[in-house]
Amino acid sequence: GRARRLPVRWSLVVATLLVLGAIVFLRKAEPDYEARIAPITVTGKVGERITSRSFTVLVKRAKLAGAYRLAPGALDNAPRVVRPHGIWMSALAEVEGLQEPVSISARLRTRDGLLYVASPTSRPDIGGMGLQARRISPGLRVTGAWFFDVPRDKVEGAHLQFYAGGIGGIPTGMDHLVDVDL
């Protein structure tokens with residue numbers, strides 16, 4: 001016997017190659033896992049009330065300080081001076097939880113992309129003014145501040161970023177990240 005030859009359907013070959021090319025293109029254009037769960041950014045400015053899914057924030061002003069002079073503590077006789085490694089940047093703000101109790105964290109994003117997480121409420125300890133990770137009840141507006149110890153040359157062009165929850169400066173995925181241009 002003679003081998004039988006099947007005719008080539010060029011239209012099917014071209015269609016198959018086009019479909020394979022489209023699959024490869026779509027897979028390369030697909031965002032990676034981190035991009036898919038990244039928080040949704042809501043932008044605003046100082047003096048503007050910004051609403052996210054779970055809280056609102058109004059940054060009233062940002063200040064720079066070389067040190068904070070604190071009243072004497074229980075074990076101190078004289079006022080204490082708390083100095084930063086760089087400069088203190090404080091953000092005075094008013095926050096409100098919207099649907100349920102929420103703890104709002106903050107970080108400072110510099111022009112070159114570095115992130116500085118707000119100092120804990122104990123540094124500097126200004127009598128309950130610190131808002132970092134403090135639990136806020138819904139419907140109750142609370143005024144306080146976040147404090148950042150940053151190098152002097154990193155303040156210009158920085159943005160404040162606020163988010164609900166999060167550990168170690170990492171916002172919870174698939175939630176809002178409020179970005180305030182200073």
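Since this is a predicted model, take the numbers as computed values, not measurements.

A. Spotlight on the confidence of the model for the protein chain. Overall, the prediction assigns the protein chain a mean pLDDT of 87, with 92% of residues at 70 or greater. Mean pLDDT per element in the protein chain: helix α2 (residues 33–37) is the minimum at 77, and strand β2 (residues 49–51) is the maximum at 97.

B. The arrangement of the sheet that holds strand β6 (residues 87–97) in detail. Reading across from one edge, β2-β3-β6-β10 is the order of the 4 strands in this open sheet, with antiparallel pairing throughout. In this open sheet, the two strands that pair with only one neighbour each are β2 and β10 (142–150). If you compare each strand with its neighbour and ignore which way they point, the axes differ by 30 degrees on average. Taken together, the 3 bridges between β2 and strand β3 (residues 55–65) define a ladder with antiparallel strand orientation. Considered in β3, the bridge of Thr51 is made with Thr56.

C. How the structure looks around the pattern of salt bridges. By the definition in use, this model includes 7 salt bridges. One salt bridge connects Glu96 with Arg141, and the closest N-O pair in it is separated by 3.1 Å. Linking Glu96 in strand β6 with Arg141 in the loop between β9 (135–136) and β10, this pair joins segments that are 45 residues apart in sequence. Overall, the relative accessible area of 14% leaves Glu96 in the buried class. What makes Arg141 partly exposed here is its relative accessible area of 49%. Where Arg111 meets Glu156, a salt bridge forms, and the shortest distance between an N and an O atom there is 3.9 Å. On the criterion of sequence distance, the pair formed by Arg111 in the loop between β7 (102–109) and β8 (115–117) and Glu156 in the loop between β10 and β11 (159–164) is long-range, its members being 45 residues apart. Like Glu156, Arg111 is exposed. Within the structure, one salt-bridge network assembled from shared partners comprises Arg49, Lys60, Glu94, Glu96 and Arg141.

Thresholds, definitions, all that
- Counting from 1, residues in each chain are numbered in the order their sequence is written.
- It should be noted that, the model being predicted, local features are given only for residues of pLDDT at least 70 and side-chain atom pairs only at 80 or more, the latter also being counted only at that level, while totals for whole chains, interfaces and linings use all residues.
- Hydrogen atoms and water are omitted, and side-chain values are computed over all heavy atoms in the structure.
- Predictor confidence is given residue by residue as pLDDT, running from a minimum of 0 to a maximum of 100.
- Strands are runs of DSSP state E lasting at least two residues, helices are runs of H or I lasting at least four, and both sets are numbered from the N terminus onward.
- When DSSP finds two or more bridges between two strands, those strands count as paired.
- Orientation is described by axes fitted as lines to C-alpha atoms, over the contacting stretch for helices, and by angles from 0 to 180 degrees between their N-to-C directions.
- Here, a salt bridge means any side-chain nitrogen of Lys or Arg that lies within 4 Å of a carboxyl oxygen of Asp or Glu.
- Only protein chains enter the accessibility calculation, which uses a 1.4 Å probe; a residue whose area is less than 20% of its type maximum is buried, one above 50% is exposed, and one in between is partly exposed.

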